[in-house]
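Below are the chains, spelled out letter by letter.
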Amino acid sequence: MNLGQQLAQYILSGLSTGAIYALIGVGFAIIHNATGIINFAQGEFVMLGGMATFFFFSALKVPLVLAVALATGVSTMAGIVFERLAIRPLKNATPINLVIITIGGSILIRGIAMLLWGKDTHSLPTFSGDEPIMLGGATVMPQHLWIFAVTLVVIVCSKLFFSHTISGKAMRACSYNRRAAGLVGIDVRRMVLFSFAISSAMGSMAGIIIAPLTMTSYDVGVMLGLKGFCAAIIGGMSSGLGTVFGGLILGVLEALGAGLFSSGYKDAIAFIILLLILFIRPQGLFRRGESERV
Amino acid sequence: MLKIKNINTYYGKVHALKNVSLHLHKGEIVTLIGANGAGKTTMLNTISAVTPPSAGNIIFEERDLAGLSPDRIVKLGICQVPEGRQVFKPLSVEDNLHLGAYLRYRGREGRAEIRRDLDDVYALFPRLLERRKQAAGTLSGGEQQMLAMGRALMARPRLLLLDEPSMGLAPLVVQEIFRAIEQLRQERGTTVLLVEQNAKAALRMAGRGYVLETGKVVLEGLPSDLLENNDVQRAYLGKDKKEIWER
Ligand SMILES: Nc1ncnc2c1ncn2[C@@H]1O[C@H](COP(=O)(O)OP(=O)(O)OP(=O)(O)O)[C@@H](O)[C@H]1O
Ligand SMILES: [Mg+2]
């Protein structure tokens, strides 16, 4: 394999992990825009997606498609329960208190997953076989195509939701001006709940589609969550294209760094980017000052 | 229609409304005047459940509003046009208006009906029609005020709470807005509680008025009586003592 082919290979696999980061990052952004808090439990819903799919598929012998659907449902419910029990009861908490609560929540969810499913690493079958597909000079696994397709569909749906439905516009209204949103009759607390539901659903889908490639265990949420957070920071907490590009850029840089230098640097890259962005462009790469978020 | 009895509202330790009582009959325009910091905005926010009262009752059409959240108040037919407009800046003018009808969309009301009201708002404020695709934050102050009014009207309120709708506007625009308020009352029988700095104009239009001073109602009556009252003249109509003495 020559260097060109190798690069193409790195970029392709980088894009597919990047798509995962993008999905997780958009979840961060949606909750942040609705509530002003950073939900550090987001990664745990990613983990729940993969682990619950494994549980339904391997332990309960449910067909894969059904297992995926059930796992998404379970994780979404977990997001809703999390909001109800951990976020809503705190009426006058400051954002920083809530952020700390989400960190506590993430530790709790991880602990419960460990008790339920043990510390082992589990694998899931790929959705449609392991026959590599040649694409230019690079090979793609069918699972990569699944990842691209699912990400694309989810992002397009969320874009349509936020710009063309009254509920989507209402959620944006809450993020721009909560008080005014209440005064036009929007139930702000319900929108917050809704934002948790959407982002836990997105996170769990990310966890499900990546699990066949990377395996899954009770603690995968920590790293994936941080990568998604990084994607959202690069994207300036946009719940749209900004964060998607943020995820893709992060994924590609990681893959290039790991391939060309050493795989030991892979995780460090995300944190270096995170720090650079926070120091140099805290509003994200793509945002012009204080403008729109969606 | 609205009956407020002995309301007390606090911001932490600040006692912003002290045993305030007031009432509105159906189809009435009532104005609430008072100096800066008197508690006018607090009064409206207390009705809208943004700053719930710690004591007292608010009864709207035989219903106690205690414990309801702001969106429930809107659902009952009470809409507020808040001080400082508070439009959703990054959203387009038209989206802002659609959100005004949020509960009607949720209530599965016919789109045609909502569309007709949208056209009515555009007829009332043609400027908004010209700018319908523009982000609300890029409108001028006066245009934003029209948008805030239009957004509230999209909910088809039976009681409209207006917080200084004339603030910072050119006299011609103020006239336009006041004309719109009067028209609403005549055509739809909308009841209006109007908070104004522009006391003279407000009293001219209103059926009754209340004067609020440091969280208390100090005067209540017909506009003509209030306009004649020396204290009101001195404090809110810009006439100084000398002028009053000389009369
Ligand atoms: N969020 C708040 N926290 C603490 N005190 C507040 C708050 N909002 C208002 N107040 C106080 O409550 C009192 C009444 O304020 P309010 O905004 O109701 O006055 P207002 O009559 O609307 O004045 P203006 O004509 O300037 O709009 C003021 O003394 C104000 O300082
Ligand atoms: Mg005020």
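Being a predicted model, the structure only gives us computed values, none of them experimental.

Things to note about the interface of chain A and chain B
Moving on, step 1. On the side of chain B, 22 residues touch chain A, which itself brings 20 residues to the contact.
Moving on, step 2. In total, about 1,900 Å² of surface goes out of reach between chain A and chain B, with carbon and sulfur atoms giving 68% of it.
Moving on, step 3. When the buried area of chain A at its contact with chain B is split by residue, A:Ile166, A:Leu183 and A:Val184 rank highest and sum to 35% of it.
Moving on, step 4. There are one salt bridge connecting chain A and chain B.
Moving on, step 5. In this structure, B:Asp95 and A:Lys169 form a salt bridge, with 2.9 Å as the shortest nitrogen-oxygen distance.
Moving on, step 6. Mapped onto the side of chain A that touches chain B, the elements with two or more residues apiece are α6 (166-176), α7 (178-183) and α8 (188-214) of chain A.
Moving on, step 7. When residues of the side of chain A that touches chain B are assigned to their parent elements, the largest contribution, seven residues, is made by α6(A).
Moving on, step 8. Here the residues of the side of chain A that touches chain B sort into 10 nonpolar, four polar and six charged.

Thoughts on the site of ligand 1
Residue and element names in this part refer to chain B.
Moving on, step 1. Close to ligand 1 lie 13 residues; Gly37, Lys40, Thr41, Thr42 and Glu83 are nearest.
Moving on, step 2. The contact in question runs from an oxygen atom of ligand 1 to an N or O atom on the side chain of Glu83, over 2.6 Å.
Moving on, step 3. Alone, ligand 1 offers 630 Å² of accessible surface; in the complex the protein occludes 61% of this.
Moving on, step 4. Take the shell around ligand 1: its biggest share by element is three residues, from helix α1 (residues 40-47).
Moving on, step 5. The residue inventory of the shell around ligand 1, partitioned by class, reads four nonpolar, six polar and three charged.

Comments concerning the pattern of salt bridges
Moving on, step 1. Scanning the entire structure with this criterion turns up 17 salt bridges over all chains.
Moving on, step 2. The closest approach of N and O atoms between A:Lys227 and A:Glu254, which form a salt bridge, is 3.0 Å. Taken together, the residues A:Lys227 in helix α9 (residues 220-234) and A:Glu254 in helix α10 (residues 241-260) connect sequence positions 27 residues apart.
Moving on, step 3. What makes A:Lys227 buried here is its relative accessible area of 3%.
Moving on, step 4. The buried category is assigned to A:Glu254, whose relative accessible area is 1%.
Moving on, step 5. Taken together, the shared-partner salt bridges in this structure form one network comprising B:Arg104, B:Glu109, B:Asp117 and B:Arg156.

Here's the deal with helix α5 (residues 142-164) of chain A
All names here are of chain A.
Moving on, step 1. For α5, built from 23 residues, the straight-helix expectation of 33 Å at 1.5 Å per residue is met to within 8% by its first-to-last C-alpha distance of 32 Å.
Moving on, step 2. Along α5, the residues classified as buried are Pro142, Gln143, His144, Ile147, Val150, Thr151, Val154, Ile155, Ser158, Phe161 and Phe162.
Moving on, step 3. Elements in contact with the buried residues of α5: α1 (3-35), β1 (133-135), β2 (138-140), α6, α8 and α10.

Looking at the coordination of the magnesium ion (ligand 2)
Residues and elements named next belong to chain B.
Moving on, step 1. At the metal site, the magnesium ion (ligand 2) is ligated by Thr41 (OG1), Glu83 (OE) and Glu83 (OE), and these contacts range over 1.8 to 2.7 Å. Of the two residues, Thr41 sits in helix α1 while Glu83 sits in the loop between β6 (78-81) and α3 (93-100), which places them 42 residues apart along the sequence.
Moving on, step 2. Take Thr41: its relative accessible area is 22%, and that puts it in the partly exposed class.

Considerations on the sheet that holds strand β2 (residues 14-24) of chain B
Residue and element names in this part refer to chain B.
Moving on, step 1. Judged by pairing direction, the sheet is antiparallel, and its four strands sit side by side in the order β2-β1-β4-β5 without closing on themselves. The open sheet terminates on both sides in strands that have one partner only, identified here as β2 and β5 (63-64).
Moving on, step 2. The sheet contact formed by strand β4 (residues 55-60) and β5 spans two bridges and is antiparallel. Paired with Ile59 across the bridge in β5 is Asp64.
Moving on, step 3. Relative to strand β1 (residues 2-11), α1 is tilted by about 115°, and along the sheet it contacts β1, β2 and β4.

Quick look at the packing of aromatic side chains
Residue and element names in this part refer to chain A.
Moving on, step 1. According to the stated counting rule, one finds 11 aromatic pairs over all chains in the structure shown.
Moving on, step 2. When the ring of Phe28 is compared with that of Phe40, the centres are 6.3 Å apart and the planes differ by 70°; the resulting orientation is edge-to-face. Highlighted residues: Phe28 in helix α1 and Phe40 in the loop between α1 and α2 (42-59), separated in sequence by 12 residues.
Moving on, step 3. Taken together through their ring pairs, the aromatic side chains of Phe28, Phe40 and Phe229 make up a single cluster.

Regarding the packing of α2(A) against α8(A)
Residue and element names in this part refer to chain A.
Moving on, step 1. Orientation of α2 relative to α8, taken along the N-to-C sense of each, is 50°, at an axis distance of 7 Å. Taken together, the axes of α2 and α8 lie oblique to each other. As α2 runs across α8, the sense of the crossing is right-handed. On α8, the residues touching Gln42, Phe45, Val46, Gly49, Gly50 and Thr53 of α2 are Ser199, Ser200, Gly203, Ser204, Ala206, Gly207, Ile208 and Ala211.
Moving on, step 2. Looking at the contact of α2 with α8, its residues break down into five nonpolar, nine polar and no charged.

So, the pairing of β2(B)
Residue and element names in this part refer to chain B.
Moving on, step 1. Across seven bridges, β1 lies against β2 in antiparallel orientation. Across the sheet, Lys3 pairs through a bridge with His23, a residue of β2.
Moving on, step 2. What sits between β1 and β2 in their antiparallel hairpin is a turn of two residues, with Gly12 showing a positive phi close to 60°.

Re the confidence of the model for chain A
Residues and elements named next belong to chain A.
Moving on, step 1. For chain A, per-residue confidence averages 91 on the pLDDT scale, and 97% of positions sit at 70 or higher.
Moving on, step 2. At the low end of the mean pLDDT range in chain A sits β1, at 83; at the high end sits helix α3 (residues 64-87), at 96.
Moving on, step 3. Segment residues 289-294: pLDDT under 50, and 17 contacts once partners within four positions in sequence are set aside and those in other chains are kept.

Rules used throughout
All residue numbers refer to position in the chain's written sequence, counted from 1. All chains are assigned letters beginning with A, and all ligands numbers beginning with 1, in the order in which they are written. It should be noted that, the model being predicted, local features are given only for residues of pLDDT at least 70 and side-chain atom pairs only at 80 or more, the latter also being counted only at that level, while totals for whole chains, interfaces and linings use all residues. Water and hydrogen atoms play no part in the side-chain values, which are based on all heavy atoms of the structure. Contacts are assigned to residue pairs that have any heavy atoms within 4.5 Å of one another. Two parts placed together each lose some accessible area under a 1.4 Å probe, and adding up what both lose gives the buried area. In what follows, salt bridge is the name for a side-chain nitrogen of Lys or Arg lying within 4 Å of a carboxyl oxygen of Asp or Glu. Only DSSP runs of H or I with at least four residues qualify as helices, and only runs of E with at least two residues qualify as strands; both kinds are numbered from the N terminus onward. Charged means Asp, Glu, Lys or Arg here, nonpolar means Ala, Val, Leu, Ile, Met, Phe, Trp, Tyr, Cys or Pro, and polar covers whatever is left, Gly included. Here a residue counts as near a molecule or strand whenever at least one of its heavy atoms sits within 4 Å of it. N or O atoms within 3.5 Å of each other form a polar contact, as long as, within protein, one can give a hydrogen and the other can take it, and as long as residues adjacent in sequence are counted only when both atoms are side-chain atoms. We get accessible surface area from the Shrake-Rupley algorithm with a probe of 1.4 Å; when it comes to residues, only the shown protein chains can shield them. Partly exposed describes any residue whose relative accessible area lies between the buried limit of under 20% and the exposed limit of over 50%, with all areas from a 1.4 Å probe on protein chains only and scaled to the type maximum. Given a helix with a known number of residues, its expected span is that number minus one, times 1.5 Å. Here the coordinating atoms are restricted to nitrogen, oxygen and sulfur within 2.8 Å of the metal centre, or 3.2 Å for Na, K and Ca, and because water is not among them the sites may look incomplete. Two strands qualify as a pair provided that DSSP identifies no fewer than 2 bridges between them. Note on geometry: axes are lines fitted to C-alpha atoms, helical ones only across the stretch in contact, with angles between N-to-C directions running from 0 to 180 degrees. Pairing of aromatic rings covers Phe, Tyr and Trp, the last counted by its six-membered ring, and requires centre-to-centre distances within 6.5 Å; plane angles under 30 degrees mean stacked, over 60 mean edge-to-face, and any other angle means tilted. Angle categories are assigned with fixed cut-offs, so that under 35 degrees is roughly parallel, over 145 is roughly antiparallel, 65 to 115 is roughly perpendicular, and the rest are oblique. Here a crossing is taken to be left-handed if its near helix is turned anticlockwise relative to the far helix by less than a right angle, and right-handed if that turn runs clockwise. Scored from 0 to 100, pLDDT reflects the predictor's confidence in each residue.

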